[in-house]
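Residues per chain, in single letters:
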Amino acid sequence: MNLEIKKKLAKATTFLAWILVVIVFIWFGIKLFTVIKYESTNDAQVNAYINPIISRVGGYVDTIYFTDFQEVKKGDTLFVIDNREYITEANEVEADMAKQNASLGVLESQTNTLLQQANEVKSSLEAKKAEVWKQELELQRYQELFERKSATAQQLEKVKAQLLVSQSNLNQTELQYKAALSKINDVKASQKVISAEKNRLNQIHQRKNIDIGYTVITAPYNGRLGKRSIEEGQMIKMGDHLAYMVNDDTPKWVIANFKETQIAQFKINDRVVVVADAFPDIEFTGKIIAFAPGTGSSFSLLAPDNATGNFVKIVQRIPVKIELTGPDAQTLQMLKTGMNVEVTVKSNGK
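None of these values were measured; they are calculated from a predicted model.

*Asks:* Whenever I open this one, the overall build of the chain confuses me. Can you help?
*Replies:* For the chain, the helix and strand inventory stands at four helices and 14 strands. Scored against the burial criterion, the 350 residues of the chain give a buried share of 28%. When contacts within the chain are restricted to residue pairs at least 6 apart in sequence, long-range pairs at least 24 apart make up 81% of them. As displayed, the chain offers around 23,100 Å² of accessible surface, 56% of which is attributable to carbon and sulfur atoms.

Pasting the structure below:
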């Protein structure tokens, strides 16, 4: 009985061994086929646009409306900076603008007054011209009478003197008219200066209002925020990085660093299969959209220089950018930037 059981166990063991051998051969065949038909690398990470939230004005943080890693929508308020100083500055500029407007009103009134005075002088000038013209005719008549001995030299001299007086009055009135016009031009020049100052203050006022708007910091797009690093009451400066935000409006991509010996047959739009270490049972799909113009080491801070005589050939890595396209938008949200993934690309030339 024991011998018979041993024979059955031996047969079962042999059968299981053959099954195991077949499985190993199948697995080896699949791996060999994959190696021949596909190129893969596990030197790859998920990437997304991560932008800093920057303050465009300085001040004390009044209110914070988000927590660590919170999902936000475009336009959601993230921070509010104390804006009382900016409102005060805007009001001061507005008061200066009101002062300039009042000055313009005063100059406008002066201009009207000077115009009336100039018109009066102009009317007097016309009268003086008529008087000079009359005296010139009178002088001509007395000159003829004197030549005919019908008028005395004293009368002729009196007429000449009256003509000189009239001409002097005319010259004085002309100078007064020119002076009146000059005053009007001076006032108009002052009006231009004040108008220019008013325009400058208006631009400053608009900028102050923009700064007031900058005290409310909103989400520039849909996304998720990183770790919060500021607190209410904290003093910040213009240009400070307040938080980091991952953009959900743009598609994620993978940077896969393939060996230079692997990419010979790669082409733009080649289909790619991506498997994340965190989700080994899910296949993500994508396509090649770009190749780096150089190896990864070429862009390092200290590029390698093998001109020392101790050259050892090292296979270089070429970054390949892969846009993730599937399986669907909701599943793609599972991938986080920085995750390690394994990328497989079918080599069309094989």
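*Asks:* Whenever I open this one, the pattern of salt bridges confuses me. Can you help?
*Replies:* Once their charged atoms are close, side chains differing in charge can pair, the charge on each being opposite to the other. The final tally for this structure, using the stated rule, is nine salt bridges. With its nearest N and O atoms 3.4 Å apart, the salt bridge here joins E71 to R224. Highlighted residues: E71 in strand β4 (residues 71–72) and R224 in strand β7 (residues 223–225), separated in sequence by 153 residues. For R224, a relative accessible area of 32% puts it in the partly exposed group. E197 serves as the salt-bridge partner of R200, at 2.7 Å between the closest nitrogen and oxygen. Of this pair, R200 and E197 both sit in helix α3 (residues 153–214), separated by three residues, roughly a single helical turn. On the accessibility criterion, R200 (44% relative accessible area) is partly exposed. On the basis of relative accessibility, which here comes to 27%, the residue E197 falls in the partly exposed class.

*Asks:* Looking at this model, I keep getting lost on the pairing of strand β3 (residues 59–64). Mind explaining?
*Replies:* Two faces belong to every sheet, and in a regular strand the side chains alternate between them. Where β3 lies against strand β8 (residues 235–236), two bridges are found, and the strand directions are antiparallel. Directly across from Y60, in β8, lies its bridge partner M235. With three bridges joining them, β3 and strand β5 (residues 77–81) adopt antiparallel strand pairing. Its bridge partner lying in β5, T63 is registered against V80.

*Asks:* Which parts of the structure should I look at to understand the packing of aromatic side chains?
*Replies:* Here a ring pair, both rings aromatic, is described through the centre-centre distance and the interplanar angle of the planes. Tallied over the entire structure, the rule returns three aromatic pairs. An angle of 85 degrees between the planes, with centres 5.0 Å apart, marks the rings of F258 and F266 as edge-to-face. Since its relative accessible area comes to 0%, F258 is described here as buried. Positioned over the ring face of W253 is K321, at 4.6 Å from the centre of the ring.

*Asks:* I tried to follow the side chain of T63 on my own but got confused; where do I start?
*Replies:* Positionally, T63 belongs in strand β3. Apart from the residues lying within four places of it in its own chain, the contact partners of T63 are L78, F79, V80 and E232.

*Asks:* So what exactly am I meant to see when it comes to the sheet that holds β5 here?
*Replies:* Consider a sheet: its strands pair through backbone hydrogen bonds, and that pairing is either parallel or antiparallel. With respect to topology, four strands assemble into an open sheet ordered β6-β5-β3-β8, the strand pairing being antiparallel. Two strands lie at the open edges of the sheet, namely β6 (216–218) and β8, each paired on one side alone. As defined by bridge partners, β5 adjoins β6 across three bridges and the pair is classed as antiparallel. Bridging across to β6, F79 finds its partner in I217.

*Asks:* How should I be thinking about the environment of K321 in this particular structure?
*Replies:* Looking at the element boundaries, K321 is found in strand β13 (residues 317–326). Here the alpha-carbon distance between K321 and A290, two residues 31 residues apart in the chain, equals 5.1 Å. The residues touching K321, leaving out its near neighbours within four places in the chain, are Y49, W253, V254, I255, K287, I288, I289 and A290.

*Asks:* Honestly, the nonpolar core in this entry has me stumped. Any pointers?
*Replies:* Soluble, globular proteins show a tendency: their nonpolar side chains are buried together. Formed by 22 residues in total, the largest nonpolar core has its most connected members in V254, F258, V274, I322, L335, V341 and V343. Of all the secondary-structure elements, those providing two or more residues to this core are β1 (38–47), β10 (253–259), β11 (271–276), β12 (279–291), β13 and β14 (340–346). Counting residues per element, this core draws most heavily on β13, which supplies four residues. Sequence-distant contacts of V274, defined by excluding residues within four places in its chain, comprise V254, I282, E283, F284, L324, V341, E342 and V343. One finds F79, I81, I212 and I236 within the second-largest nonpolar core, a separate group that totals 21 residues.

*Asks:* Help me understand the pairing of β11, please; the structure alone is not making it clear to me.
*Replies:* Relative to β12, β11 is paired through five bridges, and the arrangement is antiparallel. Looking across to β12, one finds that R271 is bridged to K287. Pairing of β11 with β14, which is carried by five bridges, proceeds in the antiparallel orientation. Directly across from V273, in β14, lies its bridge partner T344.

Conventions and cut-offs
Residues numbered from 1 in each chain as written. Predicted model: local features only at pLDDT ≥ 70, side-chain atom pairs only at ≥ 80, totals over all residues. Heavy atoms only, no water. Helix = DSSP H or I, 4+ residues; strand = E, 2+ residues; numbered from the N terminus. Buried < 20%, exposed > 50% of the residue type's maximum accessible area, 1.4 Å probe, protein only. Contact = heavy atoms within 4.5 Å. Areas by Shrake-Rupley, 256 points an atom, 1.4 Å probe, with all protein chains shown as cover. Salt bridge = Lys/Arg side-chain N within 4 Å of Asp/Glu carboxyl O. Pairing = 2+ DSSP bridges. Phe/Tyr/Trp six-rings, centres within 6.5 Å; stacked < 30°, edge-to-face > 60°. Lys NZ or Arg CZ within 6 Å of the ring centre and 35° of its normal. Core = buried A, V, L, I, M, F, W, Y, C linked by side-chain atoms within 4.5 Å.

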